[in-house]
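# Tertiary structure, described
Now for the letters of each chain:
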Amino acid sequence: MTDERWIAGVGLATIAADGTVLDTWFPAPRTGRSENLADEVESLDRFAAPDDRRNVSIEVITLEIDLDVAPASTSDVYLRLHALSHRLVKPNELNLDGVFAHLPNVAWTNAGPMHPADAIRLRPFLQRDGIQIVSLDKFPRLTDYVAPEGVRIADASRVRLGAYLSPGTTVMHEGFVNFNAGTLGSSMIEGRVSQGVVIGDGSDIGGGASIMGTLSGGGKHRVSFGARSLLGANAGVGISIGDDCVVEAGLYLTAGTKVILVDEEPGEDGSPRIAKGAQLSGSSGLLYLRNSLTGAIEARRRKGVGVTLNAALHA
């Protein structure tokens, strides 16, 4: 096993009064083993103190993990999520089996995480101190832990820790990026990027659009979206889209969708060639649209490259 498949880091773990580890922040995770981290431990020691307002304590921990082995603890999961958001490892290139079992439901506040029961019990004191609950969830916001260089995020609540965002990416107000998902280059995200989905360089996910993931019964296929491709507003895909493709606004393609191949020779009986969406998964250079006269879904070959993003928006 090479050191490249290990991640190490020094972190600050937030621990509730009942012993529940609520989160762990790793300011500077790195590839390799955990040698020579003494300076990082010393730099974080001054933050290791109780916070009576939230009924939590803060402890310094040192951790190293094997990316090929399933997570073993809450802090282990957080180090994996940090590794993704720090771009040390790409989506789908690490073991995330069983992550939900290691993540407690947390009351996320503008002062940090709390045990939900404590958040209710201490509500009057929290209000007095200006502490507000912003969400109840297993996953926190990306920007509470990592500020990816060269990235714009209009609404921080819509991007989870564990998202992998490459420089030049813009996530607009209605865009959403889940953990273990993200962009491999400059992209415009105005729709939903589900867990396990990766977006190629120069692509545009339109407003209200959705890319199917695998967390909610979406099957085993991990959808990818190629380079210089466009997913139109309110469209969606449950198959992989190749490079230089366009999916018409409002059109949803799944593995079982029947698609007429407009540019293919008709059959012997003169009927058009038809393929299921699964057979076209990953194909490049296609325009998917719905025929406005017949209502049939069609795939047409495209020439040249796909969409071109506004360079000023993604500089």
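Residues numbered from 1 in each chain as written. Predicted model: local features only at pLDDT ≥ 70, side-chain atom pairs only at ≥ 80, totals over all residues. Heavy atoms only, no water.

Selection rule: UniProt positions are given in the numbering used here, feature names are shortened, and annotations may be inferred rather than shown by experiment.
The protein appears in an unreviewed UniProt entry as 2,3,4,5-tetrahydropyridine-2,6-dicarboxylate N-succinyltransferase from Microbacterium stercoris. The protein has a UniProt comment under Function (unreviewed entry) that states "Catalyzes the conversion of the cyclic tetrahydrodipicolinate (THDP) into the acyclic N-succinyl-L-2-amino-6-oxopimelate using succinyl-CoA." In its Sequence similarities (unreviewed entry) section, the UniProt record describing the protein reads: "Belongs to the type 2 tetrahydrodipicolinate N-succinyltransferase family."

### Quick word on the UniProt feature "binding site: Mg(2+)" (unreviewed entry) in the protein
Counted only if it meets this: Segments assigned H or I by DSSP are reported as helices when at least four residues long, segments assigned E as strands when at least two residues long, and all are numbered from the N terminus. Residue burial is assigned from relative accessible area. The probe radius is 1.4 Å, only protein chains are included, and a residue is buried under 20% of its type maximum, exposed over 50%, and partly exposed in between. Whether two residues touch is decided by their heavy atoms; if any such pair falls within 4.5 Å, the residues are in contact.
Per the UniProt entry, the sites bearing "binding site: Mg(2+)" (unreviewed entry) are Glu-174 in this numbering. With respect to the helices and strands, the residue Glu-174 is situated in the loop between strand E11 (170-171) and strand E12 (176-177). Using a relative accessible area of 56% as the deciding quantity, one classes Glu-174 as exposed. Sequence-distant contacts of Glu-174, defined by excluding residues within four places in its chain, comprise Arg-158, Glu-190 and Gly-191.

### Remarks on the UniProt feature "active site" (unreviewed entry) in the protein
Mapped onto this numbering, the UniProt entry gives "active site" (unreviewed entry) at Glu-190. Within the secondary structure layout, Glu-190 lies in the loop between strand E14 (188-189) and strand E15 (192-193). Ignoring anything within four residues of it in the chain, the contact list for Glu-190 reads Met-172, Glu-174, Gly-175, Asp-204, Ile-205, Gly-206, Gly-207 and Gly-208.

### Description of the side chain of Ser-240
Selection rule: Between N or O atoms, a polar contact is any pair within 3.5 Å; within protein, one atom must be a potential hydrogen donor and the other a potential acceptor, and residues adjacent in sequence are included only when both atoms are from side chains.
Residue placement: Ser-240 occurs in the loop between strand E21 (236-237) and strand E22 (246-247). A polar atom in the side chain of Ser-240 sits 3.0 Å from the backbone nitrogen of Ser-224. Setting aside residues no more than four positions away along its own chain, Ser-240 makes contact with His-221, Arg-222, Val-223, Ser-224, Leu-280, Ser-281 and Gly-282.

### A word on the packing of aromatic side chains
Selection criterion: Stacked, tilted and edge-to-face are the three classes applied to pairs of Phe, Tyr and Trp rings, where Trp contributes its six-membered ring and a pair requires centres within 6.5 Å; stacked means planes under 30 degrees apart, edge-to-face means over 60, and tilted covers the rest.
Within the structure shown, the criterion is met by four aromatic pairs. Aromatic side chains Phe-100 and Phe-139 sit 5.8 Å apart centroid to centroid with 70° between the ring planes, which places their arrangement in the edge-to-face category. Placement of Phe-100 in the loop between helix H2 (74-85) and strand E6 (106-109) and of Phe-139 in the loop between strand E8 (133-137) and strand E9 (152-153) is noted, with a sequence separation of 39 residues between them. You can call Phe-139 buried: its relative accessible area is 4%. Every member of this aromatic cluster is reached through a ring pair, and the members are Phe-100, Phe-139 and Phe-179.

### Things to note about the side chain of Ser-194
Considering the arrangement of structural elements, one finds Ser-194 in the loop between E15 and strand E16 (198-199). A distance of 2.7 Å separates a polar atom in the side chain of Ser-194 from the backbone oxygen of Ile-211. In contact with Ser-194, not counting residues within four places along its chain, are Asn-178, Ala-181, Ile-211, Met-212 and Gly-213.

### Examining the sheet that holds strand E7 (residues 112-114)
As a reminder of what qualifies: The rule for pairing is simple: two strands pair if DSSP sees at least two bridges between them. Helix axes are fitted to C-alpha atoms over the stretch in contact, other axes to C-alpha atoms as well, and angles between N-to-C directions run from 0 to 180 degrees.
Pairing is antiparallel across the open sheet formed by three strands, whose spatial order is E7-E6-E8. Pairing within the sheet leaves two strands with one partner each, and these edge strands are E7 and E8. With direction set aside, neighbouring strand axes in the sheet form an average angle of 30°. The pairing of E6 with E8 spans four bridges and is classified as antiparallel. Within E8, the residue paired with Val-106 across the bridge is Asp-137.

### Focus: the pattern of salt bridges
Put simply, the rule is: Definition used for salt bridges: Asp or Glu carboxyl oxygen within 4 Å of a side-chain nitrogen of Lys or Arg.
On inspection of all chains with the given rule, the structure shows 12 salt bridges. The salt bridge involving Asp-51 is made with Arg-54; its shortest N-O contact spans 3.0 Å. Note on accessibility: Asp-51 and Arg-54 belong to one class, buried. The salt bridge partner of Glu-264 is Arg-301, with a shortest N-O separation of 2.6 Å. Highlighted residues: Glu-264 in the loop between strand E24 (258-261) and strand E25 (274-276) and Arg-301 in strand E27 (residues 297-301), separated in sequence by 37 residues. When its relative accessible area of 35% is taken as the criterion, Glu-264 is described as partly exposed. On the basis of relative accessibility, which here comes to 56%, the residue Arg-301 falls in the exposed class.

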